[in-house]
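A closer look at the structure
Here is how the chains run, residue by residue.
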Amino acid sequence: MTQSTIDFRSDNCGRAAPELLEALVTANTGTELGYGADSFTAALQARLADVFETPVRVYPVPTGTAANAVALAASCTPFGAVYCSADAHINTAECNATSFFGGGTKLTPVAGPHGKVDPAALESAIVTAGKGLAHKSQPAAVNLVQATDLGAVYSIDEIAAVAQVAHAHGLKVHMDGARFANALAALGCTPAEMSWRAGVDVLSLGVTKNGGLLADAIVVFNADTATSIGFHLRRAGLVWSKMRFASAQIIAYVENDLWLRLARQANAAAAAIAAQIGGLPGVTLLAPVQANELFIDMAPAALSGLADDGILYYRRGPRLARIVCRWDSSAADVAALVAGIRRHAAAA
Ligand SMILES: Cc1ncc(COP(=O)(O)O)c(C=O)c1O
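Model, not experiment: these values are computed from the prediction.

On to the overall build of the protein chain, then. Across its full length, the protein chain holds 14 helices and 11 strands. Computed over the C-alpha atoms, the radius of gyration of the protein chain is 20 Å, within 12% of the 20 Å expected from 2.2 N^0.38 for a compact globule of 348 residues. Taken along the three principal axes of its C-alpha coordinates, the protein chain extends 60 × 55 × 35 Å. Put simply, the protein chain has 348 residues, and 54% of those count as buried.

Applying the stated rule across the entire model yields 13 salt bridges. As a salt-bridge pair, Arg179 and Glu293 come within 3.5 Å of each other at their nearest N and O atoms. One end of the pair, Arg179, is in the loop between strand S5 (172-177) and helix H8 (180-187); the other, Glu293, is in strand S9 (residues 293-297), and 114 residues separate them in sequence. Here the two residues Arg179 and Glu293 agree in accessibility, since each one is buried. Among the ionic pairs, Asp309 bridges to Arg343, the shortest N-O distance being 2.7 Å. On the criterion of sequence distance, the pair formed by Asp309 in the loop between helix H13 (300-308) and strand S10 (314-317) and Arg343 in helix H14 (residues 331-347) is long-range, its members being 34 residues apart. Residue classification places Arg343 among the partly exposed positions, given a relative accessible area of 46%. Taken together, the salt bridges that share partners define one network made up of Asp11, Arg179, Glu293 and Arg322.

A word on helix H6 (residues 119-127). Within an α-helix, residues lying three or four positions from one another point in the same direction, as the helix has 3.6 residues per turn. Buried within H6 are the following residues: Leu122, Ala125 and Ile126. Taken around the axis of H6, the buried residues stretch over an arc of 95°, which confines them to a single face. In H6, those exposed residues whose orientation departs by more than 90 degrees from the buried face are Ala120 and Val127. Looking at the buried residues of H6, the elements they touch are strand S2 (80-85), strand S3 (106-110), strand S4 (138-145) and helix H7 (156-168).

In contact at an axis separation of 8 Å, H8 and helix H12 (residues 258-277) are set at 80° when each is read in the N-to-C sense. When the interaxial angle is binned, H8 and H12 end up roughly perpendicular. Counting all contacts with H8, which are made through Phe180, Ala181, Asn182, Leu184, Ala185 and Ala186, the residues of H12 involved are Trp259, Leu260, Ala263, Arg264, Ala266 and Asn267.

Quick look at the nonpolar core now. With 79 residues, the main nonpolar core has Leu48, Tyr83, Ile218 and Trp259 as its most contacted residues. Looking at this core, the element that brings in the most residues is helix H11 (residues 243-254), giving seven residues. In terms of domain composition, this core takes at least three residues from each of domain 1 (18-257) and domain 2 (258-347). If near-sequence neighbours (up to four positions away) are discounted, Tyr83 is found in contact with Thr108, Val110, Leu122, Ala125, Ile126, Ala129, Pro139, Ala141, Val142, Asn143 and Leu171. In terms of nonpolar packing, the next biggest core, distinct from the first, is built from 25 residues, Ile277, Ile296, Ala302 and Ala321 among them.

With that settled, the discussion passes to the sheet that holds S3. In spatial order, the strands read S1-S7-S6-S5-S4-S2-S3; together these seven strands make up an open sheet with mixed pairing. Of all strands in the sheet, those bounded by a partner on one side alone are strand S1 (57-61) and S3. Averaged over all pairs of adjacent strands, the angle between their axes in this sheet comes to 25°, without regard to strand direction. Here five bridges tie S4 to S5, and the two strands are oriented parallel to one another. Each bridged residue has a counterpart across the sheet, and for Ala141 the counterpart in S5 is Lys172. Strands in contact with H11 are S1 and strand S7 (216-220); relative to S1, the strand with the most contacts, it is inclined by about 110°.

For the pair H6 and H7, the least separation of the axes is 9 Å and the interaxial angle reads 15°. For the element pair H6 / H7, the angle class is roughly parallel. You can see that H6 and H7 cross each other, and the crossing is right-handed. Where H6 abuts H7, its residues Pro119, Leu122, Glu123 and Ile126 lie against Ala161, Val162, Val165 and Ala166. Considered class by class, the residues forming the contact of H6 with H7 number seven nonpolar, no polar and one charged.

Rules and cut-offs
- All residue numbers refer to position in the chain's written sequence, counted from 1.
- It should be noted that, the model being predicted, local features are given only for residues of pLDDT at least 70 and side-chain atom pairs only at 80 or more, the latter also being counted only at that level, while totals for whole chains, interfaces and linings use all residues.
- By convention in this description, side-chain values take in all heavy atoms of the structure and omit both hydrogens and water.
- Each helix corresponds to a stretch of at least 4 residues labelled H or I by DSSP, and each strand to a stretch of at least 2 residues labelled E; elements are numbered beginning at the N terminus.
- Radius of gyration here uses only the C-alpha atoms, and the compact-globule reference equals 2.2 Å multiplied by the residue count raised to the power 0.38.
- Under the scheme applied here, a residue whose accessible area is under 20% of the maximum for its type counts as buried, over 50% as exposed, and between as partly exposed, the area being computed with a 1.4 Å probe on protein chains only.
- Salt bridges are counted wherever a side-chain nitrogen of Lys or Arg sits within 4 Å of a carboxyl oxygen of Asp or Glu.
- By construction, the arc corresponds to the directions joining the helix axis to the C-beta atoms.
- Contacts are assigned to residue pairs with any non-hydrogen atoms lying within 4.5 Å of each other.
- Working convention: axes come from line fits to C-alpha atoms, limited for helices to the stretch in contact. Angles between N-to-C directions cover 0 to 180 degrees.
- Each angle is binned into one of four classes, with values under 35 degrees roughly parallel, values over 145 roughly antiparallel, values of 65 to 115 roughly perpendicular, and all other values oblique.
- We call a set of buried residues a nonpolar core when its members are Ala, Val, Leu, Ile, Met, Phe, Trp, Tyr or Cys and they connect through side-chain atoms within 4.5 Å of each other.
- Where each domain starts and ends follows an automatic or database-derived domain assignment.
- Note: two strands are recorded as paired if DSSP finds a minimum of 2 bridges between them.
- In this scheme the crossing of two helices becomes right-handed for a clockwise turn of the near helix relative to the far one and left-handed for an anticlockwise turn of less than a right angle.
- Gly is put with the polar residues, along with every residue not named as nonpolar or charged; the nonpolar set is Ala, Val, Leu, Ile, Met, Phe, Trp, Tyr, Cys and Pro, and the charged set is Asp, Glu, Lys and Arg.

Here it is in structure tokens:
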């Protein structure tokens, strides 16, 4: 186990929120049916319908990758194309899971700033795709990552603009919300505004990265998409028998706005770092810092200096550091990182 307390590697490296652990203990009484036929999973459906202000179908799943791949498989045909940012997690880090679960579904990167999909680039990709030609993948869905894989946040208008293009051509809109709460906290809007009201059909709702333990969820707003999800999940062995413990975590996650409180803490840590290093000579932020991640370009020697100080982070290239803040990132860790960046940037 890593003993260093200065850890900016990932939001996966943090603790689970005590409220979620307590929810597991509370759920550990009596007997309940398995495979989602329990009272906690029923309560979760009602709770998220309330949170999203619309009827939803919720499928708790073990990982964000499972949520993305199954949500997209259910939105596509095997010969379908999913449009996404080149930086999208489904394109860079999920080992072809979308294609595997979709039975051949192809990912097609489209241009856009800071990990976003640009609506004009999407339109152009769809109209030149060869719709109806049996030689070509058929446009099926678009994937938006909110917050993006470069730490930026789509505005509601930006989501709606992409969704409008997608729906005009009959495509489904999938949102990878591994950091949905971070984006929600950043925008200060409602969950409905940032999802189905802006045109999102199906959402991968992240929980684990923001104080969760062992569960994310697929949230379906468009009933057409929901019909095959249960079959995909079961066939892949992704349906917990003791589902109630996953559902209990997710109920606790949204209770009393816990998810927003945790996300605000992580976002505030990232904003504090950005405010203190922005404009320093030799330090360039790759994208606006709008959620809980920073992508920092610095001289290789400066990056090595940070690592030699014992500060943990991921290096994404000779000059690029990814810094991820968590709900449990401390002010002392933030101060140590900022001091290290200042010192090593000045020396490099
Ligand atoms: C944007 C994004 N989507 C999806 C995932 C996948 O989550 P998991 O690792 O739980 O499969 C991640 C994980 O890093 C992520 O950053």
